[in-house]
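Residues per chain are reported as follows:
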Amino acid sequence: MTTIFAPTNPHRAVRWWLISVAALIALMVLVGGATRLTESGLSIVEWKPVTGSVPPLSEAQWTDAFEAYKKIPQYRELNAGMSLSEFKEIFWWEWSHRFLGRFIGVAYLLPFLFFLWRGGLSGELKRRLWLLFALGGLQGAVGWWMVASGLTERVEVSQYRLATHLMLALLIFAGIVWTVRRLAERPQIIAPARLRFTSVLLLIVTFVQIYFGALVAGLRAGRAYNTWPQIDGAFIPAGDRLWFETPWWRNMFDNVLTVQFEHRMTAYALFVLAALHALDAVRSRTAAGGALWLFAAVSLQAVLGILTLLNQVPIDLALSHQAVAIVVLTLAVMQVERLASRQSAQAQPRAVPVGQAG
């Protein structure tokens, strides 16, 4: 009797666990965005991975925390004269961000150890989950590395380190989304190579766009050049304004005008690529639903980006812009996975007779 191979049903609890962790990471990214927008990220000047989970509980402890903050340049140059109650407002944003990081670590590790103890995870899946856990540990260290950049000579964190911190968080998020998709049983889609290529390109450009967005946030570039579609008086600014720093490549990361310009241009490229991918998917009748949802999310993201810029980055629009960026990334990962060749990350395949339900 002719047989084909079909994967066994994945453990539903594993998928829901990973979905919950992904949701927590998305929430943490948004809290991190609010922490940046409210200039709260340097309010805690020490890294205490364990004891730092407990906030100040007495007036004496609050005073000590405030006095430590007063020693850094941000307080002296930007917030001199801040009251204790005002300090508490920014403290709670940063504490919440760090607490979420610790909580995510526990929410990931304890169920993971339980699933390892119970068995049933394939070798490939275990390796992927251990890698994600290691990246999560690295993320904690990168977070402190970022904060440390603003404690001695700067009044804010380095935009390079901020962007690294965000990209690592979203790389972990994307890895979890991919893993969840791999655990679901679905028929293989036979897609044209062109469609698979553009889906991967869309995902790459999405990551690049988010990286540029992090640089914009790090430099507060969204509070400058608040016109659209022109920027600095033209659709394409003068070259001597875009490339005046030396070496030239530093403009791409340090020049406020260049960083905002590249963020805009990448947004246009992402929009056009998403539109072409959706049109191709509809014409080829392959994964059209995923392509159209991705194009819709990219379109909404573009509108929110323009509104955020024109209104000089109000916190509600800025966080909405960031939230939809996470949606765009999620849909981009799902579209790539949908069109990729499939092999279950779960247990070994089992033989199923043709014509018999598997």
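You'll find the structure just up there.
Rules of the game
- Residues numbered from 1 in each chain as written.
- Predicted model: local features only at pLDDT ≥ 70, side-chain atom pairs only at ≥ 80, totals over all residues.
- Heavy atoms only, no water.
- Core = buried A, V, L, I, M, F, W, Y, C linked by side-chain atoms within 4.5 Å.
- Buried < 20%, exposed > 50% of the residue type's maximum accessible area, 1.4 Å probe, protein only.
- Helix = DSSP H or I, 4+ residues; strand = E, 2+ residues; numbered from the N terminus.
- Contact = heavy atoms within 4.5 Å.
- Phe/Tyr/Trp six-rings, centres within 6.5 Å; stacked < 30°, edge-to-face > 60°.
- Salt bridge = Lys/Arg side-chain N within 4 Å of Asp/Glu carboxyl O.
- Expected span 1.5 Å × (residues − 1).

The next subject is the nonpolar core. The biggest cluster of nonpolar side chains holds 63 residues, and the ones touching the most others in it are W17, L18, L129 and I176. Only α1 (12-37), α4 (84-118), α5 (123-148), α6 (159-182), α7 (193-219), α10 (256-284), α11 (288-310) and α12 (315-339) provide two or more residues apiece to this core. Among the elements that take part in this core, α6 stands out by supplying twelve residues, more than any other. Residues in contact with L129, not counting those within four places in the same chain, are W17, L18, Y108, F112, L121 and T179. Ranked by size, the runner-up nonpolar core spans 19 residues in total, among them I44, Y75, F91 and V157.

This paragraph deals with the packing of aromatic side chains. The description of an aromatic ring pair rests on the distance of the ring centres and on the angle between the ring planes. Inspection of the entire model under this criterion finds 28 aromatic pairs. The interplanar angle of 55° and the centroid separation of 5.8 Å between the aromatic rings of F87 and F91 together place this pair among those described as tilted. In this pair, F87 and F91 are both assigned in helix α4, four residues apart and thus about one turn of the helix distant. Accessibility assignment for this pair places F87 and F91 in one class, buried. Seen from their ring centres, Y211 and F212 are 6.2 Å apart, and the 55° between their planes marks the pair as tilted. Put simply, the rings of W62, F66, Y69, Y75, F87, F91, W92, W95, F99 and F103 pair up and form one aromatic cluster.

All right, on to the pattern of salt bridges then. The full count for this structure, using the stated rule, is 14 salt bridges. Where R154 meets E156, a salt bridge forms, and the shortest distance between an N and an O atom there is 3.6 Å. With a relative accessible area of 14%, E156 lands in the buried category. Via salt bridges that share partners, R36, E39, R154, E156 and R220 belong to a single interconnected network.

For the rest of this paragraph, the subject is α11. With 23 residues, α11 should reach 33 Å at 1.5 Å per residue; the first-to-last C-alpha distance of 33 Å fits that figure. For α11, every residue scored as buried is listed here: G290, A291, L294, A297, V298, Q301, L304, T308 and L309. In this fold, the buried residues of α11 make contact with α7, α10 and α12.

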